[in-house]
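Given next are the chains, with one letter for each unit.
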Amino acid sequence: MNEETLPPFEQAFGALRQFTRTRSSESRPLEQCELCSAGLAQDHPHLVELISRQILCACDACAMLFDGMEKSKYKRVPRRAQYLTDFEMTDGQWESLLIPINMAFFFRSSIEGRVVALYPSPAGAVESLLPLEAWNEIADGNRALSRLLPDVETLLVNRVGHAHGLTRAEYYIAPIDECYKLVGLIRTNWRGLSGGADVWTEIGRFFSDLRSKADVVSGEANA
Ligand SMILES: [Zn+2]
Ligand SMILES: [Zn+2]
């Protein structure tokens, strides 16, 4: 359908879309600090609002206010990512966590006093009820999990390649904003029932980026 055959409303909307697209590519910065409205560079810090679990974009000055603060509404998301090369989880242990797909992330919520399990879906992040005993068994076997910073760091699990017999399962300590980035790219690139080729390319790119910036941590399992 070309522009002339569209009903007037769609034409107007099309024009508006065109306008916002040109504007946003010309005027920088694209994003604003959600606390003080200062313009943000592309590589800016994030905060988590603990009650809503929302990720907020912040400027350096605002992010610094919440650096390592214990009792506050927001926490700053750290940058470090660790690739846990000898994380131990059997297929049976994974199944006992009851996650319906081969990808998930887990974080300790200080407000709720428990570990929360989330997995990406075409509709966004979905929470899965986590059987405590199954989680504790995995946590007991992997010392790395005791270092997870509450609310802002996750255990990010990627068993997609492993499930298809292609690659080994991957385990990371990841900043929680990275996990939501993964959720966002799955939501925006998912097509049809199986997701389509684009989404799998994006997922592959996400994990190779994460791997390349993560510190490799080994020699810890069962310690
Ligand atoms: Zn700010
Ligand atoms: Zn941001």
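All values derive from a computational prediction rather than experimental measurement.

So, the overall build of the chain
When its secondary structure is counted, the chain shows seven helices and twelve strands. Carbon together with sulfur atoms contributes 54% to the accessible area of the chain, which is approximately 12,900 Å² in total.

Digging into the coordination of the zinc ion (ligand 1)
Within the protein, Cys33 (SG), Cys36 (SG), Cys59 (SG) and Cys62 (SG) serve as the donor atoms for the zinc ion (ligand 1), at 2.2 to 2.4 Å. Expressed as a motif, the donor residue spacing for the zinc ion (ligand 1) is C-x2-C-x22-C-x2-C. Taken together, the residues cysteine 36 in the loop between strand E1 (31-32) and strand E2 (39-40) and cysteine 62 in helix H2 (residues 60-65) connect sequence positions 26 residues apart.

Points about the coordination of the zinc ion (ligand 2)
Protein coordination at the zinc ion (ligand 2): the donors are His44 (NE2), His46 (NE2) and Cys57 (SG), at 2.0 to 2.2 Å from the metal. The sequence pattern describing where the donors of the zinc ion (ligand 2) fall on their chain is H-x1-H-x10-C. Of the two residues, histidine 44 and histidine 46, both sit in the buried class.

A few points about unusual backbone geometry
Its identity is not glycine, yet leucine 98 carries a phi of approximately 60 degrees, on the positive side. Counting through the fold element by element, leucine 98 comes out in the loop between helix H3 (91-96) and strand E7 (103-109).

Quick look at the side chain of threonine 154
Looking at where threonine 154 falls in the secondary structure, it is placed in strand E10 (residues 153-158). With relative accessibility at 0%, the residue threonine 154 sits in the buried group. In this structure threonine 154 touches Phe105, Phe106, Phe107, Leu148, Tyr172, Ile173, Ala174, Ile176 and Cys179, once residues within four positions along its chain are discounted.

Some thoughts on the environment of aspartate 67
Tracing the chain through its elements places aspartate 67 in the loop between H2 and strand E5 (74-76). Exposure remark for aspartate 67: the relative accessible area of 41% places this residue in the partly exposed category. Distance from aspartate 67 to leucine 47, taken between C-alpha atoms, is 9.4 Å for residues 20 residues apart in sequence. For aspartate 67, the side chain forms a polar contact with the side chain of arginine 76, separated by 3.2 Å.

Examining the side chain of asparagine 189
Mapping asparagine 189 onto the fold places it in helix H6 (residues 176-189). Separated by 2.7 Å, the side chain of asparagine 189 and the backbone oxygen of leucine 185 make a polar contact. Excluding residues that lie within four positions of it along the chain, asparagine 189 makes contacts with Gly195, Val199 and Glu202.

Cut-off values and rules
- Residues numbered from 1 in each chain as written.
- Chains lettered and ligands numbered in written order.
- Predicted model: local features only at pLDDT ≥ 70, side-chain atom pairs only at ≥ 80, totals over all residues.
- Heavy atoms only, no water.
- Helix = DSSP H or I, 4+ residues; strand = E, 2+ residues; numbered from the N terminus.
- Areas by Shrake-Rupley, 256 points an atom, 1.4 Å probe, with all protein chains shown as cover.
- Donors = N, O, S within 2.8 Å, 3.2 Å for Na, K, Ca; no water.
- Buried < 20%, exposed > 50% of the residue type's maximum accessible area, 1.4 Å probe, protein only.
- Contact = heavy atoms within 4.5 Å.
- Polar contact = N/O pair within 3.5 Å; in protein donor to acceptor, adjacent residues only side chain to side chain.

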